[in-house]
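Spelled out from the first residue to the last, the chains are:
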Amino acid sequence: MGRRGGRIALSLGATLAAVLVAEVALRAMDVRPDRYPQTARFETEDKRVGLDLYPDDPDGAFPLDLRDAEARAPWLRRFPALAERWERTPHGVPFRYSEELCRGEVPPRTDRRRVLVIGDSFSEGQGVVEADTFAARLRERLDADVINCGRRGYDFPTLRSWFDDRLSLQPDVTLYAMVLNDPQRGEAFQARQRYIDDWIVDRRRMVGEGDGRPPLWEPRFFTVLADRLEGVRVQAETTRWYREMVGPENAEGWAATLDHVEAMHAAMEARGGRLVVALWPLLVSFDDYPFEDTHRTIVRDLEARGVTVVDTLDAFRGEEAERLWVHPADRHPAARAHARFADAVTPALR
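These notes cover the structure that comes with them. Source: prediction; values computed, not measured.

**Looking at the sheet that holds strand S3 (residues 49–54)**
Okay, so step 1: A sheet is described by the order of its strands in space; here 4 strands give the open sequence S2-S3-S5-S4, paired in antiparallel fashion. Each having just a single partner strand, strand S2 (40–43) and strand S4 (64–65) make up the two edges of the open sheet.
Okay, so step 2: Pairing of S4 with strand S5 (residues 91–96), which is carried by 2 bridges, proceeds in the antiparallel orientation. Within the sheet, the bridge partner assigned to aspartate 65 lies in S5 and is histidine 91.

**Some remarks on the pattern of salt bridges**
Okay, so step 1: Scanning the model with the defined rule gives 25 salt bridges in all.
Okay, so step 2: Arginine 41 is paired through a salt bridge with glutamate 43; the nearest N and O atoms lie 2.9 Å apart.
Okay, so step 3: Overall, the relative accessible area of 29% leaves arginine 41 in the partly exposed class.
Okay, so step 4: One network of salt bridges, in which partners are shared, links Arg41, Glu43, Lys47, Asp52, Glu124 and Arg152.

**Re the state of the cysteines**
Okay, so step 1: This structure, assessed with the given rule, holds 1 disulfide.
Okay, so step 2: Put simply, cysteine 102 and cysteine 149 are joined by a disulfide, and their sulfur atoms are 1.9 Å apart. With the S-S bond torsion at 80°, the cross-link from cysteine 102 to cysteine 149 turns out right-handed. Linking cysteine 102 in the loop between S5 and strand S6 (113–119) with cysteine 149 in the loop between strand S7 (144–148) and helix H5 (158–166), this pair joins segments that are 47 residues apart in sequence. Across the pair, cysteine 149 and cysteine 102 agree in class, each one buried.

Rules used in this analysis
- Residues numbered from 1 in each chain as written.
- Predicted model: local features only at pLDDT ≥ 70, side-chain atom pairs only at ≥ 80, totals over all residues.
- Heavy atoms only, no water.
- Pairing = 2+ DSSP bridges.
- Helix = DSSP H or I, 4+ residues; strand = E, 2+ residues; numbered from the N terminus.
- Salt bridge = Lys/Arg side-chain N within 4 Å of Asp/Glu carboxyl O.
- Buried < 20%, exposed > 50% of the residue type's maximum accessible area, 1.4 Å probe, protein only.
- Disulfide = S-S within 2.5 Å.

Below you can see the structure in the form of structure tokens.
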């Protein structure tokens with residue numbers, strides 16, 4: 001074999017031994033890629049009642065436990081398909097909506113000041129009980145009726161028409177809680193969008209069947225390594241996508257978004273009210289937040305249109321992002337994050 005061949009053989013042997021030791025250690029510690037059963041959403045046909053479901057309840061924040069037969073029975077009557085699902089995702093948050101499809105009830109019009117909240121799932125409070133949403137907290141802080149008309153999945157241009165329709169509620173102030181994925185997307189920008197983790201719902205970690213554990217025959221070392229590498233790739237693509245949302249790559253969509261918000265601002269001024277835009281951060285690392293420039297662009301461009309903007313990012317500095325998530329696989333803001341957001345925007349609404 002020769003001296004060189006011997007060294008190669010020894011090197012390969014040492015590498016294989018190291019991999020074997022790592023494999024044994026990973027299995028002993030049950031180290032594996034984090035995977036969770038797919039979360040679920042049930043909603044009545046009239047959209048007046050909803051239910052968010054999760055596989056576990058790590059923070060004790062979900063009030064409904066479907067493992068309790070008595071608690072489960074009324075929901076099974078309302079959603080028969082739940083019978084095939086509840087065992088995988090037994091922990092839930094109930095939702096109720098008004099006739100106007102706003103969360104909770106819309107109080108009768110009085111002399112009290114009215115604050116209309118619009119936005120997407122961050123405003124609606126996906127995975128969060130109604131009393132812990134920032135809208136509910138604002139009711140406690142302001143001498144006003146706060147009406148939460150946030151709707152999950154709504155971005156521009158849908159948010160514009162939703163706002164126009166909700167003006168029938170006669171708000172004195174509209175708070176638009178903006179999230180970085182709200183802007184309208186131009187056709188060219190949308191056409192080249194790939195499937196990515198959107199930094200909000202970690203679909204990569206969700207599985208439709210089983211518990212996501214790798215089979216016994218699959219090498220744990222390579223499974224974990226591949227998962228980490230895939231995570232780095234997806235995070236890089238996702239970060240770029242968010243930055244480009246307000247950049248030249250989506251110039252058409254971002255310009256349309258600015259027009260929509262400016263029109264909302266004008267509509268509120270025309271009725272003697274005002275619009276406040278409050279910008280949510282994405283709940284990622286605040287030690288090295290990757291969207292500082294994106295926030296600055298949004299604030300600069302909206303203020304240039306005469307719109308009042310509150311960037312709430314500073315209210316989250318020093319927080320561990322993971323402590324603010326509804327669930328490890330669902331990075332919507334939990335109650336703690338809603339409280340910080342409410343604290344940050346209250347002064348602008350007084």
